[in-house]
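Survey of secondary and tertiary structure
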Amino acid sequence: GFFQSYAVEVDIKDASNATCLYADWMMRFLITYESNNGDYKTTTLNLSSSVTHNGSVCGNDTQAAVVAVQFGEGHSWSINITKTNETYQGDFITLTYNTNDTAVFPDAKRKGPVTVLVKDPLHPVQLNTVFVCHSSYFVEGENVTQIFWNVTVQAFVQNGTVSKKESRCPADTPTSAPTVPPTTSNVTTASTTTLAPAPTSAPVPVENPDTGNYSLKSGNKTCFLATVGLQLNVSQDKPHLININPKTTVADGACGNTTATLKLNDGNSTLIGF
């Protein structure tokens, strides 16, 4: 599927009504769960249009800052952010999803809230600096893939004003290699045909996408093979074609007894799940 999600903005004020913690980001979750018949299925949990941020706190030298949001039918997400003399850094991320939400988990064997705790993989950020990451990045743990993009966050804001000084994630730097999340997937890139140089006056659109070879492993055995060229036709204000480039696309997923899931991320906030 080609998924869309809502953005979240959290602006926490201190006792003097000055901003002490600011965050604006988009996220979604891919969750693998056991169904009533014993199969393992992967579903997508998106943010709803109505999000609350109860439990978010400013933090100080001895207490962690917290960004906490609640959404949908009993789902919640939070991150603790700690501070040193010079930097701040995410500590751990907590996701609680509720399998009683039948729209997302229509046939879940386990009913009720499930909590997943993972370490935040991002590096420390200098104080009085805002962290920005437009590219998507993944956090894996306990059958859940958390995907984040268009992230802007600053903890321990000074003087109530979000800084104009930015710390960008490596994926946003044009000269850096694509960020590859930890995975057991074995990804091979497709061979491409060399095309004649396009005229300098105008670029020639690519009509057909390059073919990619993607595979997943379960232990030492290959359990999923796909050879496919992918093009998305997204119709919003006007039709927009997106070719998925196998050279920059990361494959991930899981194989169950009767189901398998392949997830492809091209590094440009485009996520496709089969």
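Quick caveat, the model's predicted, so the values are computed rather than measured.

**Brief notes about the environment of Asp252**
Take Asp252: it is sitting in strand S19 (residues 250-255). For the pair Asp252 and Asn265, spaced 13 residues apart in sequence, the C-alpha separation works out to 8.4 Å.

**Some remarks on the packing of aromatic side chains**
For the structure on display, the rule yields 6 aromatic pairs. Between Phe29 and Phe71 the ring centres are 6.3 Å apart and the planes differ by 10°, which places this aromatic pair in the stacked class. Residue Phe29 is located in strand S2 (residues 19-34), and its partner Phe71 is located in strand S5 (residues 65-71); the two are separated by 42 residues in the primary sequence. The two residues Phe29 and Phe71 agree in class, both being buried. Here the aromatic cluster, defined as three or more aromatic residues joined through ring pairs, consists of Trp25, Trp77, Tyr137 and Phe148.

**Some points on the confidence of the model for the protein chain**
Mean pLDDT over the protein chain: 82, with 83% of residues reaching 70 or higher. Here residues 198-204 is modelled with pLDDT under 50, and outside its nearest four sequence neighbours on either side it reaches 2 contacts, counting other chains as well.

**A look at the pattern of salt bridges**
The full count for this structure, using the stated rule, is 7 salt bridges. For Arg168, the salt bridge identified is with Glu166, shortest N-O distance 3.2 Å. Measuring nitrogen to oxygen at the nearest pair gives 3.1 Å for the salt bridge that ties Arg168 to Asp172. Shared partners join several salt bridges into a network, and the residues in it are Glu166, Arg168 and Asp172.

**Topic: the sheet that holds strand S20 (residues 260-265)**
Pairing is antiparallel in the open sheet, where 3 strands are placed in the order S19-S20-S21. With one partner strand each, in any of the chains shown, S19 and strand S21 (271-273) form the two edges of the open sheet. The sheet shows a mean angle of 15° between the axes of neighbouring strands, direction not considered.

Thresholds applied
- Every chain is numbered independently, its residues counted from 1 as its sequence is written.
- Per-residue local features of the predicted model are confined to residues with pLDDT of at least 70, and side-chain atom pairs are confined, for both listing and counting, to 80 or more; whole-chain, interface and lining totals are unaffected and use all residues.
- Excluded from the side-chain calculation are hydrogens and water; included are all heavy atoms of the structure.
- Runs of E in the DSSP output that reach at least two residues are strands. Runs of H or I that reach at least four are helices, and both are numbered from the N terminus.
- Aromatic rings from Phe, Tyr and Trp, with only the six-membered ring used for Trp, were paired whenever their centres fell within 6.5 Å, and each pair was classed as stacked if the ring planes differed by under 30 degrees, edge-to-face if by over 60, and tilted otherwise.
- Think of it in three bands: residues with accessible area under 20% of the maximum for their type are buried, residues over 50% are exposed, and the middle band is partly exposed, with areas taken using a 1.4 Å probe on protein chains only.
- What pLDDT expresses is the predictor's confidence in each residue, scored from 0 to 100.
- Contacts: residue pairs with any heavy atoms within 4.5 Å of one another.
- By definition here, a salt bridge exists when the distance from a side-chain nitrogen of Lys or Arg to a carboxyl oxygen of Asp or Glu is within 4 Å.
- A pair of strands is treated as paired once DSSP finds two or more bridges between them.
- Whenever a helix is involved, its axis is fitted only over the stretch in contact; in every case the axis is a line through C-alpha atoms, and angles between N-to-C directions fall within 0 to 180 degrees.

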